[in-house]
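A structural walkthrough
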Amino acid sequence: MANLHAVAVKGAVDAVHKGNVENKIESTNNATVVFTPSGLRGEFALGTSVLQAAQRLGVDLESSCGGRGICRRCIVTPSFGEFSKHKISSKEHNLSSFSEVERSNKHLALSKGQRLSCSARIEGDLVIDVPMSSQLHKQHISKEAEALELLIDPAVKLYTLKLTEPDIDDPSSDLRKLQQQLEDAHDIVINDCELSVIQQLQPVLVAGKREISVALYFESGEGAQAFAKVIAIWPGTKLGLYGLAVDLGSTTIAAHLCELSSGKVLASSSLMNPQIRFGEDLMSRVSYVMMNPGGDSEMCHVVREAFNELAIDVAKKAAINISDIIDMSIVCNPIMHHLLLGVDPTPLGTAPFALTTDLALNLKASQLEIFLHPNARAYILPC
């Protein structure tokens, strides 16, 4: 009996040891994959396609060609770096290299890291973002503008002028005549002018037969004094200038196109903040920056791209040229504020939570890589 007992114990120990070895071997052949923004995660055998992993987890990822790489609807974007919230180190070599199907696909932005999930194979732990365009059940984000009783006084205003013809007995330049007419007719003092306006001034005067429309940007100066800068010019009478009001939230970005003189909202658009693939909440995004050098630049880039997408969308809805959007206002929380500006947000992640700046900012939209009118302004509200 004793011998039988010893044999039984030894057999049990051997079985446990064998099971542990097998489990260890099996675990090395698996990888953890997290899909954002859904947060769904699972363990998958190496070599599994990203599409198969998504389907097994029930991730909302569209595919209509049976994984043959021809429908172009299963596009995903892998995120690489250290993701402390997910306890994952997502590396480039953890995803298979580009397949021939992907390289030959002209609609795939390889330079931006886009992949066909049916072709991309899992070779290690990964974080995979499913953009809204690839989601079968598109999210409906409702952020409409509400009408408010406001005194409409835009920072950019439009004026139409008729300048006198050149006169050999009057040596005044055309820009000086423009300044003088605005002062005489509207009591506006012009203290500056964009170089691009100076370069265009005489050709525009010829095209408009000396009648021109100018956009003036007003900004408070010292004390109660106000001054204006000429930021745009058109031949003849220009009808309509537009501004963009943007709410940059950690989850959603909403944009509203407004007619500047009346304040009327003409179109609205919104989308999920693409930074969500780096972390669902603000502190996880700060953690991502702490653990991944250059992570703040990544998040800055994707949110600015989102701004441009929204601007294109509202301009299309309102049937206007995007170059007619000449002003914008942006409101956001401090971490979104710093990431939009390209400022390191990590001091906001620990006490005493020091802001780089809490002041209002007046910038050119192009400084933020937001492409509207070339001289469009961007006002960022104070934190």
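As a starting point, this report considers the structure included with it. Model, not experiment: these values are computed from the prediction. (Residues numbered from 1 in each chain as written. Predicted model: local features only at pLDDT ≥ 70, side-chain atom pairs only at ≥ 80, totals over all residues. Heavy atoms only, no water.)

Examining the pattern of salt bridges
Tallying each qualifying case throughout the model produces 13 salt bridges. We note a salt bridge from Glu194 to Lys229, for which the minimum N-O separation is 3.6 Å. Within this pair, whereas Glu194 is found in the loop between strand E9 (190-193) and helix H5 (195-207), its partner Lys229 is found in strand E11 (residues 226-235), the two being separated by 35 residues in sequence. Overall, Glu194 belongs to the buried group, its relative accessible area being 10%. With relative accessibility at 19%, the residue Lys229 sits in the buried group. Overlapping salt bridges, with partners in common, bring together Asp192, Glu194, Lys229, Lys364 and Arg377 in one network. (Salt bridge = Lys/Arg side-chain N within 4 Å of Asp/Glu carboxyl O. Helix = DSSP H or I, 4+ residues; strand = E, 2+ residues; numbered from the N terminus. Buried < 20%, exposed > 50% of the residue type's maximum accessible area, 1.4 Å probe, protein only.)

Here's the deal with the sheet that holds strand E7 (residues 126-129)
Within the open sheet, the five strands sit side by side as E2-E1-E7-E3-E6. Their pairing is mixed. Each end of this open sheet is capped by a strand with a single partner; those strands are strand E2 (41-45) and strand E6 (115-116). Its contacts with the sheet put helix H2 (residues 50-57) on strand E1 (30-36), E2, strand E3 (75-79) and E7, and the angle it makes with E2 is roughly 130°. (Pairing = 2+ DSSP bridges. Contact = heavy atoms within 4.5 Å. Axes fitted to C-alpha atoms, helices over the stretch in contact; angles between N-to-C directions.)

As for unusual backbone geometry
Across the junction of Thr36 and Pro37, the peptide omega takes the value 5°, indicating a cis bond. Among the secondary structure elements, Pro37 is positioned in the loop between E1 and E2. Between Ala351 and the following residue, Pro352, the backbone shows a cis peptide bond with an omega angle of 10°. For Pro352, the position within the fold is in the loop between helix H8 (334-341) and strand E16 (361-364). Here Asp187, not a glycine, exhibits a phi torsion of approximately 60°, which is positive. In this model, Arg210 sits at a positive phi of 75°, which is unusual for a non-glycine residue. Residue position: Arg210 is located in the loop between H5 and strand E10 (211-220). Judged by relative accessible area, Arg210 falls into the buried class, the value being 9%.

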